[in-house]
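Single-letter residue listing:
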Amino acid sequence: MAKLTVLTLMGLGLALFRDHRSSYEERLNAFREVKPVELPNCNFVKGVEAGSEDIEILPNGLAFISSGLKYPGIKSFEPDKPGKILLMDLNEEDPAVLELKITGSKSDLSSFNPHGISTFTDEDNAVYLLVVNHPDFKSTVEVFKFQEEEKSLLHQKTIRHKLLPSLNDIVAVGPEHFYATNDHYFIDPYLQSWEMYLGLAWSYVVYYSPDEVRVAAEGFDFANGINISPDGKYVYISELLAHKIHVYEKHANWTLTLLKVLRIQNILTEEPKVKLVYAENGTVLQGCSVASVYKGKLLIGTVYHKALYCEL
Ligand SMILES: *[C@@H]1O[C@H](CO)[C@@H](O)[C@H](O)[C@H]1NC(C)=O
């Protein structure tokens, strides 16, 4: 009898494990087949070989690209080189990238590991670039001032905070003011993988300013990309493993209220809720993480691989 009970319990445990594993695979979209959707005129961006995880395009067509991300469990083609910020002028016929020099007080450039980036332009047209950085796999935000003539980034400040433990993406709303996603609640990689595997949905979004830091939204199954509408009224947060985009209204006091949740579904059918403009199964680009549009052209970046520039 006791043996039977143990066997039953083991069976039940195994069934639960199987069930959990299949939902985990579903959250990761592990078995989705990708049918290609092509664009007429695509070229690799020369000079991008080891990632273009995030891209930010200024209204004048200058694009910042964060390159060389090292992230636990993700491939790197340049594991021994620090990351860099690249600049690309989308007004050029066949734009190439150049590496922005980093100047000022930033001393530990060998551990520079840029992830999400965002720009803020102040009333005097000074451009600030805010960069999520992972020196030694920790999380900081580096504030730079863009020196367009010198093609360099002047380091202003490093921001660390206990509410910024596992940063992924950022959207700047001032020179030292931003919303940022924490893709995990924990800092420890072992606890992070359990958090993700169990689907705890403890990932959250923080509002940061020099005077005030607070949780702005929480309960995400891996909060990933974050952005703001051009008029500054709405904040968008992508929830990676739930395949959802959350739309928030931003108030004058910087709090966010949820307006709606878009489930990205039926994208490969005749009646998609979102239009698919480009799809590819990994032979051209691996690990796509960002896409941005400038004057009818689409710039697509990847976590660790190349970048592609296409006519829409
Ligand atoms: C922020 O503003 C919103 C909208 O005016 C209001 O509902 C909310 O109570 C305010 N929250 C705080 C913490 O001040």
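Residues numbered from 1 in each chain as written. Predicted model: local features only at pLDDT ≥ 70, side-chain atom pairs only at ≥ 80, totals over all residues. Heavy atoms only, no water.

A. Representation of the site of the ligand within the structure. As a matter of local geometry, the ligand sits amid H251, N253 and T255. The separation between an oxygen atom of the ligand and a polar side-chain atom of N253 is 2.4 Å. For the ligand, whose accessible area on its own is 360 Å², the fraction buried by protein is 30%. (Near = heavy atom within 4 Å. Polar contact = N/O pair within 3.5 Å; in protein donor to acceptor, adjacent residues only side chain to side chain. Areas by Shrake-Rupley, 256 points an atom, 1.4 Å probe, with all protein chains shown as cover.)

B. Structural context of helix 2 (residues 189-198). When helix 2 is considered as a whole, its buried residues turn out to be Q192, E195 and Y197. One side-chain oxygen at the N-terminal end of helix 2 lies 3.1 Å from the backbone nitrogen of Y190; it belongs to D188. Phi turns positive, to about 65°, at G199, one or two residues after helix 2. (Buried < 20%, exposed > 50% of the residue type's maximum accessible area, 1.4 Å probe, protein only. Helix = DSSP H or I, 4+ residues; strand = E, 2+ residues; numbered from the N terminus.)

C. Molecular detail of the packing of aromatic side chains. Across all of its chains, the model carries 12 aromatic pairs by this definition. Relative to Y208, the ring of F178 has its centre 5.0 Å away and its plane inclined at 10°; by these criteria the two rings are stacked. Of this pair, F178 sits in strand 12 (residues 177-182) while Y208 sits in strand 13 (residues 203-208); the two residues are 30 residues apart in sequence, bridging distant segments of the chain. According to the relative accessible area criterion, F178 is buried, its value standing at 0%. We classify Y208 as buried; its relative accessible area is 10%. Where Y185 meets W202, the ring centres are 5.3 Å apart and the plane angle is 75°; that geometry is what we call edge-to-face. One end of the pair, Y185, is in the loop between strand 12 and helix 2; the other, W202, is in the loop between helix 2 and strand 13, with 17 residues separating them in the sequence. An aromatic cluster of three or more residues is present, and its members are Y185, F186, W202 and Y204. Taking the ring centre of F44 as reference, the NZ or CZ of K306 above it sits at 4.6 Å. (Phe/Tyr/Trp six-rings, centres within 6.5 Å; stacked < 30°, edge-to-face > 60°. Lys NZ or Arg CZ within 6 Å of the ring centre and 35° of its normal.)

D. How the structure looks around the sheet that holds strand 3 (residues 62-67). Spatial ordering of the open sheet is given by 2-3-4-5, a layout of four strands whose pairing is antiparallel. Both outer strands of the open sheet, strand 2 (54-57) and strand 5 (97-99), are each paired with one neighbouring strand and no more. Neighbouring strand axes in the sheet, compared pairwise and without regard to direction, differ in orientation by 25° on average. (Pairing = 2+ DSSP bridges. Axes fitted to C-alpha atoms, helices over the stretch in contact; angles between N-to-C directions.)

E. Up close: a nonpolar patch on the surface. A grouping of Y185, Y190, L191, W194, L198, L200 and W202 is seen on the molecular surface, where their side chains present a nonpolar patch of about 720 Å² in accessible area. Along the chain, L200 falls in the loop between helix 2 and strand 13. (Patch = residues over 30% accessible without salt bridge, like charges linked within 9 Å, V, L, I, M, F, W, Y side chains within 5 Å. Salt bridge = Lys/Arg side-chain N within 4 Å of Asp/Glu carboxyl O.)

F. Representation of the nonpolar core within the structure. By size, the foremost hydrophobic cluster in this structure holds 16 residues, and its most contacted members are L130, V141, I159, L164, L167, I170 and F178. Counting residues per element, the ones that place at least two in this core are strand 8 (127-133), strand 9 (140-147), strand 11 (167-174), strand 12 and strand 13. When residues no more than four places from it in sequence are discounted, the contact partners of I170 are G116, I117, S118, L130, V132, V141, F178, Y179, A180 and I226. (Core = buried A, V, L, I, M, F, W, Y, C linked by side-chain atoms within 4.5 Å. Contact = heavy atoms within 4.5 Å.)

G. Geometry of the environment of T302. For T302, the position within the fold is in strand 20 (residues 297-302). In the structure, T302 is positioned 64 residues away from S238 in sequence and 17 Å away in space, judged by C-alpha atoms. One polar contact links the side chain of T302 to the main-chain amide nitrogen of H305, over a distance of 2.9 Å. A polar side-chain atom of T302 sits 2.7 Å from the main-chain carbonyl oxygen of K306.

H. Broad picture of the pairing of strand 15 (residues 223-228). Pairing analysis gives four bridges linking strand 15 to strand 16 (residues 234-239), with the strands arranged antiparallel. The residue of strand 16 that forms the bridge with N227 is Y236. As consecutive antiparallel partners, strand 15 and strand 16 are separated by five residues, and within that stretch G232 has a phi angle of approximately 75°, a positive value.

I. Fine view of the environment of K46. Among the secondary structure elements, K46 is positioned in the loop between strand 1 (42-44) and strand 2. Polar side-chain contacts of K46 include one of 2.9 Å to the side chain of D94.

J. Here's a closer look at the side chain of E53. Inspection of the secondary structure assignment puts E53 in the loop between strand 1 and strand 2. Salt bridges are absent for the buried E53, whose nearest opposite-charge side chain, K70, sits at 13 Å. Those residues in contact with E53, other than ones at most four positions away along the chain, are S66, L69, H115, G116, N168, S289, V290, T302 and V303. (Lys, Arg positive; Asp, Glu negative; His and termini not counted.)

Bear in mind that shape data such as this cannot, by itself, settle questions of function.
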